Amino acid sequence: MDSATFERTTGPASARPSLASTADNGLKIVIVGGFGVGKTTMVRSVSEIRPLNTEETMTRASEGIDVLADLEGLRRKTSTTVAFDFGRISLDARSVLYLFGAPGQERFWFLWERLFSGTLGAVVLVDTRRLSDSWYAIDRLEHHGTPFIVACNDFGGPVHTEEQIREALDLAPDVPLVECDARDRSSSKYVLITLVDYLYRLSAKREADMAADTTPAASPSPSPVPATASAPTPETAP
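It should be emphasised that the depicted structure is a prediction, and the values quoted were computed from it without experimental measurement. (Residues numbered from 1 in each chain as written. Predicted model: local features only at pLDDT ≥ 70, side-chain atom pairs only at ≥ 80, totals over all residues. Heavy atoms only, no water.)

## Considering the pairing of strand β6 (residues 85-90)
Heads up, the condition is: A pair of strands is considered paired only if DSSP assigns at least 2 bridges between the two. Only runs of H or I of at least four residues qualify as helices and only runs of E of at least two qualify as strands under DSSP, and these elements are numbered from the N terminus.
Bridge analysis of β6 against strand β7 (residues 95-101) gives 6 bridges, and the strand direction is antiparallel. Of the residues in β7, the one forming a bridge with F86 is F100. Adjacent in sequence and paired antiparallel, β6 and β7 are bridged by 4 residues.

Quick look at the structure:
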């Protein structure tokens, strides 16, 4: 679309890594969450290519439509994602993650349904100062049956225990919950590796369950045949 822009990077274009010829395992990952939780920042920090951004300047026309929490940083926010962010990161010679950052404004949530198509897993990025902004994202992922992890982006807000966050978000015990700083590349990469590990564990469990379902049950041992009197032989006949 016309508003799409590529993030500027330093250095010659040849210095940017190209996709390895051995890469044959592409995973589509979506980063979702409320407005201003750091989705665009995470894609920018971790992508090995120039990320595609679809940000537009926020104008007075959005007043009364976009609800901004009265929190540090949000009131100074001047742009918003109107479609999605896109980036790429190679985990190894074969595995590549294609990252899609979903728009956070409620009026763009209808785009999420298309972004979820073909997605293997998702990161729900959370600002712990406003946990309720993540409820819709979790609800839609559970509706689609998309595995996800939760990453708490550090905004310097109140400290919550893991139990408090899990209870507030109604997370299942097996859903990974991690802390991160979306501005930091290594921290963002750790989040993505946590998601991939979780997806592999789920896949291994499904395969094990399928194998158990298809393994035939062991046949019961035949009951011993009771001994019967043998017919008399010529030597024993009277």
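Alright, that's what it looks like, and here's the rest.
## Side note on the confidence of the model for the protein chain
As a reminder of what qualifies: Along the chain, pLDDT gives the predictor's confidence residue by residue, from 0 to 100. Between two residues, a contact is recorded if the distance between any of their heavy atoms is within 4.5 Å.
With 66% of its residues at a pLDDT of 70 or more, the protein chain shows a mean pLDDT of 77. When the criterion is pLDDT under 50, residues 1-14 qualifies, and its contacts beyond four places in sequence or with other chains add up to 23 contacts.

## Describing the side chain of S187
This is how the line gets drawn: Exposure classes here rest on a 1.4 Å probe applied to the protein chains alone. A residue is buried below 20% of its type maximum, exposed above 50%, and partly exposed in between.
Mapped onto the fold, S187 is located in helix α5 (residues 185-214). Given a relative accessible area of 14%, S187 falls into the buried group. Filtering out sequence-adjacent residues up to four positions away, S187 remains in contact with C180 and D181.

## As for the pattern of salt bridges
Pairing is possible between side chains that carry opposite charge, provided their charged atoms lie close to one another. Quick note on the threshold: In the sections that follow, a salt bridge refers to a side-chain nitrogen of Lys or Arg positioned within 4 Å of a carboxyl oxygen of Asp or Glu.
Per the counting criterion, the structure on display carries 8 salt bridges. Here R130 makes a salt bridge to D127, at a shortest N to O gap of 3.2 Å. The burial state of R130 is the same as that of D127; both residues are buried. The network of salt bridges with shared partners includes D127, R129, R130 and D133.

## A short note on α5
To be explicit about the condition: Helices are assigned an expected span. That span is 1.5 Å times one less than the residue count.
With 30 residues, α5 should reach 44 Å at 1.5 Å per residue; the first-to-last C-alpha distance of 44 Å fits that figure. Those residues of α5 that sit buried are S187, S188, V191, L192, T194, L195, V196, Y198 and L199.

## A few points about the nonpolar core
Soluble globular proteins: nonpolar side chains tend toward being buried together. Rules: In this description, a nonpolar core means a group of buried Ala, Val, Leu, Ile, Met, Phe, Trp, Tyr and Cys residues linked to one another through side-chain atoms lying within 4.5 Å.
Residues V124 and F148 are the most contacted members of the largest nonpolar core, which totals 44 residues. Here this core gets 6 residues from one element, more than from any other, and that element is α5. If we skip the residues at most four places from it in the chain, F148 touches A122, V124, I138, L141, E142, L171, V175, P176, L195 and Y198.

## Quick notes on the environment of G145
For G145, the location among the structural elements is in the loop between α3 (135-144) and β9 (148-153). As for G145 and L120, which are separated by 25 residues in sequence, their C-alpha atoms are 9.8 Å apart.

## Focus on unusual backbone geometry
The phi angle at D170 is positive, at roughly 55°, despite the residue not being glycine. Structurally, the position occupied by D170 is in the loop between α4 (162-169) and β10 (177-180).

## Looking at the packing of aromatic side chains
Applied cut-off: Note on aromatic contacts: the rings of Phe and Tyr and the six-membered ring of Trp form a pair at centre separations within 6.5 Å, being stacked when their planes are under 30 degrees apart, edge-to-face when over 60 apart, and tilted otherwise.
One pass over the structure, following the stated rule, counts 2 aromatic pairs. A centroid spacing of 6.4 Å and a plane angle of 10° characterise the contact between F86 and Y98, whose relative ring orientation is stacked. You can see F86 sitting in strand β6 and its partner Y98 sitting in strand β7, a full 12 residues away along the chain. Classification of F86 as partly exposed rests on a relative accessible area of 21%.

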